[in-house]
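Listed here are the chains, written in short residue letters.
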Amino acid sequence: MITMDRPVHKKISRMDFGLFSPKQIAALATAKVVTPELYDQEGYPVDGGLMDLRLGVIDPGLRCKTCGQKLKECPGHFGYIELARPVIHINFVRPVFDLLKSTCKYCSRILMPEEKAKRYLVLLNKVSEEEGFEARRRKVKALVTKFKVKDKCPHCQEKQEKIRLEKPYSFYESDIRLSPIEVRARLEKVSDEDVQLFGFASGFRPEWMIMTVLPIPPVTIRPSITLESGERSEDDLTHKLGDIVRINQRLFENINAGAPEVIIEDLWDLLQYHVTTFFNNEVSQLPPARHRGGQILKTLSSRIKSKDGRIRYNLAGKRTDFSARTVISPDPLISLNEVGVPLAIAMNLTVPERVTEWNKAHLRAFVERGPLLYPGANYVIKPDGRRKTITAETKDEILTELETGYIVERHLIDGDTALFNRQPSLHRMSMMCHRVKVLPARTFRLNPAVCNPYNADFDGDEMNFHVPQTEEARAEAEVLMLVETQLISPRYGLSVVGCIHDGITGNYLLTKELILQRPEAIDLLYTCGVRDFSRLPNKEKLDGREVFSVLLPADFNFSGTDRSGSEVRIKNGVLTSGLMDKANLGQESGLMLRNIYETYGPAYAAELLGKISKLGIAVLSRRGFSIGVSDMDLPAETKAEIQRIIAEAEKETLALIDRFHEGKLESLPGRTLVETLELRIMEVLNKTRNKSGDVAMKQVRDSAATVMARCGSRGNVLNIAQMTAIVGQQALRGKRIEHGFRGRTLSYFKRGDLSATARGFIKNNFKSGLRPHEYFFGAMTGRDALMDTALRTPKSGYLYRRLSNAMQDLKVDYDGSVRDASGKIVQFAYGEDHLDVSKTKGGELDVKKIVEQME
Amino acid sequence: MSFTITKHLLVPKHSKVSDAEKQKLFAAYAITEKELPKILKDDPAIAALEAEPGTVIKIERNSPTAGVAFYYRVVANG
Ligand SMILES: [Mg+2]
Ligand SMILES: [Zn+2]
Ligand SMILES: [Zn+2]
């Protein structure tokens, strides 16, 4: 009896693959199957049937007759049947065919002269010794294809007849069918030495490929299921085996009764068909065996093979319980560490909670509501480990027996711990711990500020969601993975989350120019969660900075710069000078947030970030913020000025081209004349765009676009210049556009035209609209950029994967050295400077601040 | 054309480590030669040093983060 209570450690040194001999099959078997019947009248498995109790147990309560163990303990045992006539194993048709073709019909020697065969054998052994088993297999294959085309035996000089394989498994010799018996007889006569040349290891015989006995797999791999009606439904394999046993029996009976050869042949063929489809039901020349309903049976090889086979579906493709996946959408009103979970998902995913004296009433209420009423419960687990589904019928019973020690699997509720993840999971912030917030509708909701660490947007992205099931898992997730613990990137030591878009714009406008009435200010602050207004100066008219300062901690001191370069100063929690823009609030830059994190901790920083974001959004929605075409308007003089700059540049370009044609252009060091010309032209044109952009920017009204560009929330000066003044030169691979036709970019231009317009210079702006050729040039560079990203993403992804896999078990030791798993040193000092980047600001230690704090 | 590669801008300074210093290094990191990174005996950077296998080579690198960073390799047969 095998017991599994003590683990046994053994190292596998090698594995051999080969064929079972009929003797081995019989010896391995615990039962001989003789009848196609499965159960007797009482529904008890028949002895000698396919569900024989010696083959293992699948019924709870019964014991295996072989090993004496119960369901789930007994691993199952093989049985066998004796076939009335031998049949060929479908997966060995090829090697059998090779053997038949390459051996003599009369003396059964390999069709190869003695000394040649010997030489090949030596060669084979050498190959396998030097290059391994795989090389030997390749060599065998090469040899087999080489020596099958002989028509005379070199040993007995007999003439050989041609052997033909009619797919899937019939052999013909000069149009006479060779029965499996004849084939087997031939294979039996092939000597052990010759057989080695076909790749057989010693100890294995080719005639074993023609089966005389068939092993019956244990019932444990083909369990029957009991339908709700109480009817038994057998596994596909059991069905197939039933067919085999039935035909086999009929064949036996007919042979014993001396039936005519035709009938026996027919039955034999049928047996061959059933055995073949038992192994592989997808043989191309055979009609697949079907259920009565017409559904194709899933037999042995289809269980293993292909995408939904055992290997790719179950072994390589593990699925996780208590997880969900759906589209994501933004919700700036939930907090940073929350995740909005659709009600439908919350009612499917559950959290197990153990009933104790203290929470009994609480959990009872969940059970009472049941699976259909939120927040309810779907299952209870009894102290003995049995799981009970809560339904309308079982609810009352469960409620009466519910006792301390039971576990209730209740629906997900607000505040539960969950993991949230978006692929590709490239860094540790790709999977973070969030608090559940159950919401209506069908998408996961997340605060737009955490898009950055996940690299998510809302153009259809989907994300995965997991619910930890044990206290340990929840504790681990909360301590190590909670969003606020992940704020500072270990890559560059700055906050990966920050205010975005309206969050920045709003605060920028607030701190820059807004003067508010006291009620307005109170309203704003109330919206973003402030309830204590004692720090708001007692005045009727309030400065935007004063309003913003209420959010800051009262003892906070900070000095830095904003994007315009002026000083940002916060003294005792009051913003005295400077503007709140991307440099202070933004992600991957926000130094102010970084300092808050350092002094007040992760939770405070996350909360403050939420408040600041909400304040910005609230300011914008009250003030109003919109963009229109008129924002792109320029005064007539400015337009003329830009036209003049462009015309000048074109003239300059033409002058350069003329000088080039006249041979007066002097080449730059290390450049050809043509290259020099191109460089000079590019220089002139780029200067033009910058100059006209500057001119335009000076005249553009204080529009929404410029505000956004200035505070860094979206867009930049170049974008505005392209909309108002000039789009500029389009470049492919750092050069002006030169593709297209012979000597010109488009048929619209003359051959050899080197002018700005003919080589991708767009002198219009997006507001005035582009000329057709300009539009085309724009499309060219646009397409190029698209192609570039499409091609680069998978490449860099693979590169990153190789790096992270190579370095995944390196760690920093207590002495500051970086070592691999075996303790070998990789770096003597981590990063050469011992610095933990996540404790720095942008990779640098702020020594000044540390000194200040020490004092 | 021939030049001394050890004089090249990009080749950091390689020098032999004395036995006493070697023992100090091993003690500091609690290691033996086995844990040290290796350098080939005929590596061009130490060819002039004629170091025997088992010698520890000290490499002084200019580091963008730390100014000068030290690295140690043990000479190994190829
Ligand atoms: Mg997307
Ligand atoms: Zn058993
Ligand atoms: Zn012969």
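Residues numbered from 1 in each chain as written. Chains lettered and ligands numbered in written order. Predicted model: local features only at pLDDT ≥ 70, side-chain atom pairs only at ≥ 80, totals over all residues. Heavy atoms only, no water.

### Concerning the overall build of chain B
And then number 1: What chain B contains, in helices and strands, is 1 helix and 4 strands.
And then number 2: Of the regular secondary structure in chain B, the N- to C-terminal order runs β-α-β-β-β.
And then number 3: For chain B, the proportion of its 78 residues judged to be buried stands at 36%.
And then number 4: When contacts within chain B are restricted to residue pairs at least 6 apart in sequence, long-range pairs at least 24 apart make up 55% of them. (Helix = DSSP H or I, 4+ residues; strand = E, 2+ residues; numbered from the N terminus. Buried < 20%, exposed > 50% of the residue type's maximum accessible area, 1.4 Å probe, protein only. Contact = heavy atoms within 4.5 Å.)

### Quick notes on the overall build of chain A
And then number 1: The secondary structure content of chain A amounts to 27 helices and 29 strands.
And then number 2: Counting only residues that meet the buried cut, chain A has 44% of its 855 residues in that class.
And then number 3: Considering only contacts in chain A between residues 6 or more positions apart, those separated by 24 or more positions represent 64%.
And then number 4: About 47000 Å² of surface is accessible on chain A, with carbon and sulfur atoms providing 53% of the total. (Areas by Shrake-Rupley, 256 points an atom, 1.4 Å probe, with all protein chains shown as cover.)

### Observations regarding the interface of chain A and chain B
And then number 1: Taken together, the contacts link 12 residues of chain A with 16 residues of chain B.
And then number 2: In this assembly, chain A packs against chain B so that about 1100 Å² is buried in total across both faces, 56% of it on carbon and sulfur atoms.
And then number 3: By the criterion of area lost to chain B, the three top residues of chain A are Ile825(A), Phe828(A) and Glu832(A), representing 58% of everything that side buries.
And then number 4: Here chain A and chain B share 0 salt bridges between them. (Buried area = accessible area lost by both parts, 1.4 Å probe. Salt bridge = Lys/Arg side-chain N within 4 Å of Asp/Glu carboxyl O.)

### Focus on the coordination of the zinc ion (ligand 2)
And then number 1: The protein atoms donating to the zinc ion (ligand 2) are Cys64(A) (SG), Cys67(A) (SG), Cys74(A) (SG) and His77(A) (NE2), with metal-donor distances spanning 2.0 to 2.3 Å.
And then number 2: Coordination at the zinc ion (ligand 2) is tetrahedral: its 4 donor atoms span angles of 106 to 113 degrees at the metal. (Donors = N, O, S within 2.8 Å, 3.2 Å for Na, K, Ca; no water. Tetrahedral: all angles 85-135°; square planar, octahedral: opposite > 155°, others 65-115°.)

### A look at the side chain of Gln730(A)
And then number 1: In this structure, Gln730(A) sits in the loop between strand S23 (728-729) and strand S24 (731-732).
And then number 2: Not counting residues up to four positions away in its chain, the partners in contact with Gln730(A) are Lys735(A), Arg736(A), Ile737(A), Arg759(A), Gly760(A), Ile762(A), Phe777(A), Gly778(A) and Thr781(A).

### Regarding the coordination of the zinc ion (ligand 3)
All names here are of chain A.
And then number 1: Coordination of the zinc ion (ligand 3) by the protein is provided by Cys 104 (SG), Cys 107 (SG), Cys 153 (SG) and Cys 156 (SG), with metal-donor distances spanning 2.2 to 2.3 Å.
And then number 2: Coordination at the zinc ion (ligand 3) is tetrahedral, judged from the 4 donor atoms that bind it and the angles of 106 to 114 degrees they form at the metal.
And then number 3: All donors to the zinc ion (ligand 3) come from one chain, and their sequence spacing reads C-x2-C-x45-C-x2-C. Here Cys 104, found in the loop between helix H2 (93-102) and helix H3 (114-131), pairs with Cys 153, found in the loop between helix H4 (133-146) and strand S2 (163-166); they are 49 residues apart in sequence, far enough to count as distant. The two residues Cys 104 and Cys 153 agree in class, both being buried.

### Considering the packing of aromatic side chains
And then number 1: Applying the stated criterion across every chain yields a total of 15 aromatic pairs over all chains.
And then number 2: Considering the side-chain rings of Phe749(A) and Phe777(A), the 6.3 Å spacing of their centres and the 10 degrees angle between planes classify their relative orientation as stacked. With Phe749(A) in the loop between strand S25 (735-736) and strand S26 (761-762) and Phe777(A) in helix H26 (residues 772-807), this pair connects stretches of sequence that are 28 residues apart. The pair formed by Phe749(A) and Phe777(A) is uniform in burial state, with each residue classed as buried.
And then number 3: In textbook terms, an aromatic cluster arises when at least three aromatic residues are bridged by ring pairs, as seen for Phe420(A), Phe444(A), Tyr454(A) and Phe465(A).
And then number 4: Against the face of Tyr379(A) rests Arg387(A), its NZ or CZ located 5.1 Å from the ring centre.
And then number 5: Here Lys58(B) stacks its cationic end above the ring of Phe70(B), 4.5 Å away from the centre of that ring. (Phe/Tyr/Trp six-rings, centres within 6.5 Å; stacked < 30°, edge-to-face > 60°. Lys NZ or Arg CZ within 6 Å of the ring centre and 35° of its normal.)

### So, the sheet that holds strand S3 (residues 170-173) of chain A
Residue and element names in this part refer to chain A.
And then number 1: Pairing within the open sheet is antiparallel, and its 3 strands lie in the order S2-S3-S4. Either end of the sheet is taken by a strand with one partner, and the two such strands are S2 and strand S4 (176-178). The sheet shows a mean angle of 35 degrees between the axes of neighbouring strands, direction not considered.
And then number 2: Two elements, S2 and S3, share 4 bridges in a ladder whose sense is antiparallel. (Pairing = 2+ DSSP bridges. Axes fitted to C-alpha atoms, helices over the stretch in contact; angles between N-to-C directions.)

### Here we look at the pattern of salt bridges
Residue and element names in this part refer to chain A.
And then number 1: Scanning the entire structure with this criterion turns up 53 salt bridges over all chains.
And then number 2: We note a salt bridge from Arg 410 to Glu 353, for which the minimum N-O separation is 2.3 Å. Highlighted residues: Arg 410 in strand S13 (residues 407-411) and Glu 353 in strand S10 (residues 350-354), separated in sequence by 57 residues.
And then number 3: Taking relative accessible area as the criterion, Arg 410 reaches 4% and is therefore assigned buried.

### Let's talk about helix H20 (residues 591-600) of chain A
Residue and element names in this part refer to chain A.
And then number 1: Residues Met 592, Leu 593, Arg 594, Asn 595, Ile 596 and Tyr 597 constitute the buried set of H20.
And then number 2: In the core, the buried residues of H20 are packed alongside strand S20 (558-561), strand S21 (567-571), helix H19 (582-585), helix H21 (602-623) and helix H27 (847-854).
And then number 3: A positive backbone phi angle near 90 degrees is found at Gly 601, which sits one or two residues after H20.

### A word on the packing of helix H23 (residues 673-699) of chain A against helix H25 (residues 717-724) of chain A
Residues and elements named next belong to chain A.
And then number 1: Contact pair H23 / H25: the axes reach a minimum separation of 9 Å and the direction vectors enclose 90 degrees. Considering the angle they form, H23 stands roughly perpendicular to H25. Each of Arg 689, Gly 693, Ala 696 and Met 697 in H23 lies in contact with H25, whose residues at this interface are Val 717, Leu 718, Ile 720, Ala 721, Gln 722 and Thr 724.
And then number 2: The class makeup of the residues in the contact of H23 with H25 is 6 nonpolar, 3 polar and 1 charged. (Parallel < 35°, antiparallel > 145°, perpendicular 65-115°, else oblique. Nonpolar A, V, L, I, M, F, W, Y, C, P; charged D, E, K, R; others polar.)

### Focus on the sheet that holds strand S17 (residues 462-466) of chain A
The strands that make up a sheet pair up through hydrogen bonds in the backbone, lying either parallel or antiparallel.
Residues and elements named next belong to chain A.
And then number 1: Ordered by their spatial adjacency, 6 strands build a closed barrel running S8-S16-S9-S15-S14-S17, and the pairing between neighbours is mixed. Averaged over all neighbouring strand pairs, the angle between strand axes comes to 45 degrees, with direction disregarded.
And then number 2: With 2 bridges joining them, strand S9 (residues 338-342) and strand S16 (residues 444-446) adopt antiparallel strand pairing. Note on S16: the bridge partner recorded for Gly 340 is Arg 445.
And then number 3: Helix H15 (residues 471-481) rests against strand S14 (417-421) and strand S15 (431-439) of the sheet, and its axis sits at about 110 degrees to S15.

### Quick notes on the environment of Lys167(A)
Residues and elements named next belong to chain A.
And then number 1: Along the chain, Lys 167 falls in the loop between S2 and S3.
And then number 2: Spatially, the C-alpha atom of Lys 167 lies 8.9 Å from that of Leu 286, the residues being 119 residues apart in sequence.
And then number 3: Here Lys 167 is in contact with Arg 94 and Gln 285, once residues within four sequence places are set aside.

### So, the environment of Val351(A)
Residues and elements named next belong to chain A.
And then number 1: Locating Val 351 in the fold gives a position in strand S10.
And then number 2: Relative accessible area serves as the criterion here: at 5%, Val 351 is assigned to the buried category.
And then number 3: It is 8.4 Å that separates the C-alpha atoms of Val 351 and Asp 416, two residues lying 65 residues apart in sequence.
And then number 4: When residues no more than four places from it in sequence are discounted, the contact partners of Val 351 are Val 408, Glu 409, Arg 410, Leu 412, Asp 416, Val 467 and Arg 474.

### What about the side chain of Arg205(A)?
Residues and elements named next belong to chain A.
And then number 1: On the secondary structure map, Arg 205 appears in the loop between helix H6 (192-196) and strand S5 (210-216).
And then number 2: From its side chain, Arg 205 meets the backbone oxygen of Leu 187 in a polar contact 3.2 Å long.
And then number 3: Within the structure, the side chain of Arg 205 is placed 2.7 Å from the backbone oxygen of Val 190, a separation counted as a polar contact.
And then number 4: If we skip the residues at most four places from it in the chain, Arg 205 touches Leu 19, Leu 187, Glu 188, Val 190, Ser 191, Asp 192, Val 195 and Phe 200. (Polar contact = N/O pair within 3.5 Å; in protein donor to acceptor, adjacent residues only side chain to side chain.)

### Quick notes on the pairing of S20(A)
If a strand is regular, its side chains alternate between the two faces of the sheet.
Residues and elements named next belong to chain A.
And then number 1: Where burial is concerned, the two faces of S20 differ: the one with Phe 558 and Gly 560 is buried and the one with Ser 559 and Thr 561 is not.
And then number 2: As paired strands, S20 and S21 are joined by 4 bridges and run antiparallel to one another. Considered in S21, the bridge of Phe 558 is made with Ile 570.
And then number 3: Between S20 and S21, which follow one another and run antiparallel, lie 5 residues, and Gly 565 among them has a positive phi close to 100 degrees.

### Here we look at unusual backbone geometry
All names here are of chain A.
And then number 1: Residue Tyr 374 is joined to Pro 375 through a cis peptide bond whose omega torsion reads -10 degrees.
And then number 2: Within the fold, Pro 375 resides in the loop between helix H12 (360-369) and strand S11 (377-381).
And then number 3: The linkage connecting Gln 423 with the following residue, Pro 424, adopts the cis geometry, with an omega of 0 degrees.
And then number 4: As for its placement among the helices and strands, Pro 424 is situated in the loop between S14 and S15.
And then number 5: For Asp 175, which is not glycine, the phi dihedral falls at a positive 65 degrees.
And then number 6: Assignment of secondary structure puts Asp 175 in the loop between S3 and S4.
And then number 7: A positive phi is found at His 834, a non-glycine position, where the angle reads about 65 degrees.
And then number 8: What makes His 834 partly exposed here is its relative accessible area of 48%.

### What to know about the environment of Ala324(A)
All names here are of chain A.
And then number 1: Along the polypeptide, Ala 324 turns up in strand S8 (residues 323-330).
And then number 2: Residue class for Ala 324 comes out buried when judged on its relative accessible area of 14%.
And then number 3: Distance from Ala 324 to Met 463, taken between C-alpha atoms, is 8.3 Å for residues 139 residues apart in sequence.
And then number 4: Those residues in contact with Ala 324 that sit more than four places away from it in its chain are Ile 345, Leu 349, Phe 444, Met 463, Asn 464 and Phe 465.

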